[in-house]
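Residue strings, one per chain:
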Amino acid sequence: MAHRGAPPRVEATTDRRTAWSTDRNRTIDPEHSIAILSVTWNKAEDAARVLAEAAASEGLPLDRTHAVLVDNASDPRVRELVFDRLRPERVVVNEASRDGPAAFVESETGHRNALGFASITLIENRLNLGGCGGFNTAMRYAVGPLEDRAGRLDRLWLLDDDVLLPSNTFAALAKAIEGDERAALVGARAVDAGDRATTFETTIYFDHDTGLLAPDPSLSDARRAEHEVWAASVGGTRGGAGYAGVREVDVASACCLLARRELLDEIGQWDTRYFLYGDDADWSLRAGAAGHRVLCALDAVIYHTPWFSKLTPGRAYLAERNLLWSLGKRSEWRRLLARRSLGLAKRAWRELAAAEHARAWFTARAVIDAARNRGGGPVDPPAKLRLVGALGVTVRATVSAIQLALTGAPREHR
């Protein structure tokens, strides 16, 4: 899911934009082939439910829609439950290491899937690769073995395994992307699953002064004045009412995201280092840098648990580390990278002074691991973290922050 840490938006030049056909009155071309991509870890009930809800979507051509569910090394009993509920045509084992290329071993089950899709494939990752690695696995399979078997795909629909999906969500996403020839990604409006009267996420923009994501454009953004008028008309970007239509944004969250298949050919998949947080934001901004538009379809609603209610020190570590990598991808962003990395080092010192040793450790490790190019999942502090240990890692973070400020952040290993 998108998080407050993300790289800045890059203004694109018109000569780099890809022209795609536009029809503002249709939802989806009935001849289009679609792949639904979802990732789960020990959530069998949710994973089966969200695919069943997707199958009931208005305007979705079931006979041309293939579902790919990636299981991130769940408990075997959970995988068995998913298998029993979905009855997939194929089971694929991905033997790849955390950083290596996909290594698919595919077998047919002899079943006809339970939801009426053209096909369902269950992919079993041998390792938990996080949401980032899971979606990358799904994308690699979709544009590889799935297209080899079923033909070229037109759209990719990414879904978190724990969203609640109304029947008209897909139609609103499809209408938005078909209605704008420059749109490459379209995200949904997120409503609190525990309070369905409250919208907690609509528009997501990059703040050019802080390097973080925000619901409003920066003061210097040309879209700011019009955005303020719109926000006032609906009672704000969050918690308002009367949301409708389509808004141009900088970032669309992958918890429910419709993408043009061509985008993968143009900008590639997600940064394999990220594991969780900021991966979809990075992808969105890369799409913008390539000259495409990113949209939020306000009529496309999902019910979800707000990301900020699930934020832990370990997840914050991932978000901060990943942000530094994103800021290091372009020389124009060096100023923001320096400010952010040095700011995190200072924060670690403040946390240390306040005797918040664990927080200081997580903050410091985000800087250190960004400089070291250590990808993958969250890290845990020593069981008996004391002042000396927290002090040592904070000193190392200060050195790493200076390194990032002077030489930039390391790039992804492809």
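What counts and how
Every residue gets a number counted from 1 within its own chain, in the order that chain's sequence is written. This being a predicted model, a pLDDT of at least 70 is required before a residue's local features are given, and a value of 80 or more before pairs of side-chain atoms are given or counted; all residues contribute to the totals for chains, interfaces and linings. Each side-chain value is worked out from all heavy atoms of the structure, with water and hydrogens disregarded. Under the DSSP-based scheme used, a helix requires at least four consecutive residues in state H or I and a strand at least two consecutive residues in state E, with every element numbered from the N terminus. Residue burial is assigned from relative accessible area. The probe radius is 1.4 Å, only protein chains are included, and a residue is buried under 20% of its type maximum, exposed over 50%, and partly exposed in between. Note on contacts: a residue pair qualifies if any of its non-hydrogen atoms lie within 4.5 Å across the two residues. Here a cavity means grid points, on a 1 Å grid over the protein atoms only, where a 1.4 Å probe fits yet cannot get out; a pocket means an open set of points with protein on both sides within 12 Å along at least five of seven lines; lining residues are those with an atom within 4 Å of a point. Grid points are joined across faces, edges and corners, and a volume is the space filled by probe spheres set on the points. Only Asp, Glu, Lys and Arg are considered charged in this grouping, and only Ala, Val, Leu, Ile, Met, Phe, Trp, Tyr, Cys and Pro are considered nonpolar; every other residue, Gly among them, is considered polar. Under the convention used throughout, the expected extent of a helix is 1.5 Å for every residue step, that is, one less than its residue count. Here, strands pair whenever DSSP counts at least two bridges between them. Here, nonpolar core means buried Ala, Val, Leu, Ile, Met, Phe, Trp, Tyr and Cys residues that are tied together by side-chain atoms lying within 4.5 Å of each other. Only the stretch in contact is used when fitting a helix axis, every axis being a line fitted to C-alpha atoms; angles between N-to-C directions are given from 0 to 180 degrees. The labels follow the angle: roughly parallel below 35 degrees, roughly antiparallel above 145, roughly perpendicular from 65 to 115, and oblique for the rest. By convention the crossing between two helices is left-handed if the near helix lies anticlockwise of the far one by an angle smaller than a right angle, and right-handed if it lies clockwise. In this scheme, patches are assembled from residues that exceed 30% relative accessible area and form no salt bridge. Like charges are connected within 9 Å, while nonpolar side chains (Val, Leu, Ile, Met, Phe, Trp, Tyr) are connected within 5 Å. All accessible-area figures derive from a Shrake-Rupley calculation using a 1.4 Å probe, and residue coverage is judged against the displayed protein chains alone. What makes a salt bridge here is a side-chain nitrogen of Lys or Arg within 4 Å of a carboxyl oxygen of Asp or Glu, nothing more.

**Details of the environment of Val393**
So, step 1. Here Val393 lies in helix α11 (residues 387-407).
So, step 2. Assessed through its relative accessible area of 4%, Val393 is described here as buried.
So, step 3. Residues Val393 and Pro381 lie twelve residues apart in sequence; the distance between their C-alpha atoms is 10 Å.
So, step 4. Setting aside its immediate chain neighbours within four residues, Val393 contacts Trp361, Ala364, Arg365 and Ile368.

**Let's talk about the layout of surface pockets**
So, step 1. A volume near 650 Å³ is recorded for the largest pocket.
So, step 2. Lining of the largest pocket is provided by 26 residues; of these, Lys43, Gly130, Gly131, Leu276 and Arg315 occupy positions nearest its centre.
So, step 3. Of all the elements in the fold, those that place two or more residues in the lining of the largest pocket are β1 (34-40), α3 (130-150) and α8 (313-327).
So, step 4. Ranked by residue count, the leading element in the lining of the largest pocket is α3, at four residues.
So, step 5. Looking at the lining of the largest pocket, its residues break down into 13 nonpolar, six polar and seven charged.

**Looking at helix α1 (residues 44-55)**
So, step 1. Helix length check: α1 (twelve residues) gives 17 Å between terminal C-alpha atoms against 16 Å at 1.5 Å per residue, within 8%.
So, step 2. Against β1, β2 (65-72), α2 (76-86) and β6 (155-160) lie the buried residues of α1.

**A look at the pairing of strand β13 (residues 293-304)**
So, step 1. Taken across its twelve residues, β13 has ten buried, putting it largely inside the fold.
So, step 2. Two elements, strand β7 (residues 183-192) and β13, share nine bridges in a ladder whose sense is parallel. Paired with Ala188 across the bridge in β13 is Ala297.
So, step 3. Of the strand pairs in this sheet, strand β11 (residues 246-249) and β13 are connected by four bridges, and their pairing is antiparallel. Paired with Glu248 across the strands is Leu295, a residue of β13.

**Quick look at the nonpolar core**
Most often, soluble globular proteins keep nonpolar side chains buried together rather than apart.
So, step 1. Ranked by internal contacts, the top residues of the largest apolar core, which has 69 residues, are Leu37, Leu156, Leu158, Leu185, Trp270 and Trp283.
So, step 2. Ranked by the residues each element gives to this core, the list is headed by helix α10 (residues 357-372), at eight residues.
So, step 3. Leu185 has contacts with Leu257, Leu258, Ala259, Leu263, Trp283, Ser284, Ala287, Arg293, Val294 and Leu295, leaving out every residue within four places of it along the chain.
So, step 4. Ala48, Leu69, Val82 and Leu258 belong to the second-largest nonpolar core, a separate cluster that totals 41 residues.

**Some thoughts on the packing of helix α9 (residues 334-353) against α11**
So, step 1. Where α9 meets α11, the closest approach of the two axes is 8 Å, and the angle between their N-to-C directions is 165 degrees. With respect to α11, the element α9 is oriented roughly antiparallel. Where α9 crosses over α11, the handedness of that crossing is left-handed.
So, step 2. Across the contact of α9 with α11, the residue classes break down as 17 nonpolar, four polar and one charged.

**Overview of a nonpolar patch on the surface**
So, step 1. On the surface, Trp349, Leu387, Leu391, Val395 and Val399 cluster together to form a nonpolar patch covering roughly 430 Å² of accessible area.
So, step 2. Counting residues per element, the nonpolar patch draws most heavily on α11, which supplies four residues.
So, step 3. As for its position among the elements, Val399 is in helix α11.
So, step 4. For Val399, a relative accessible area of 54% gives the class exposed.

That is the geometry; function is a separate question.
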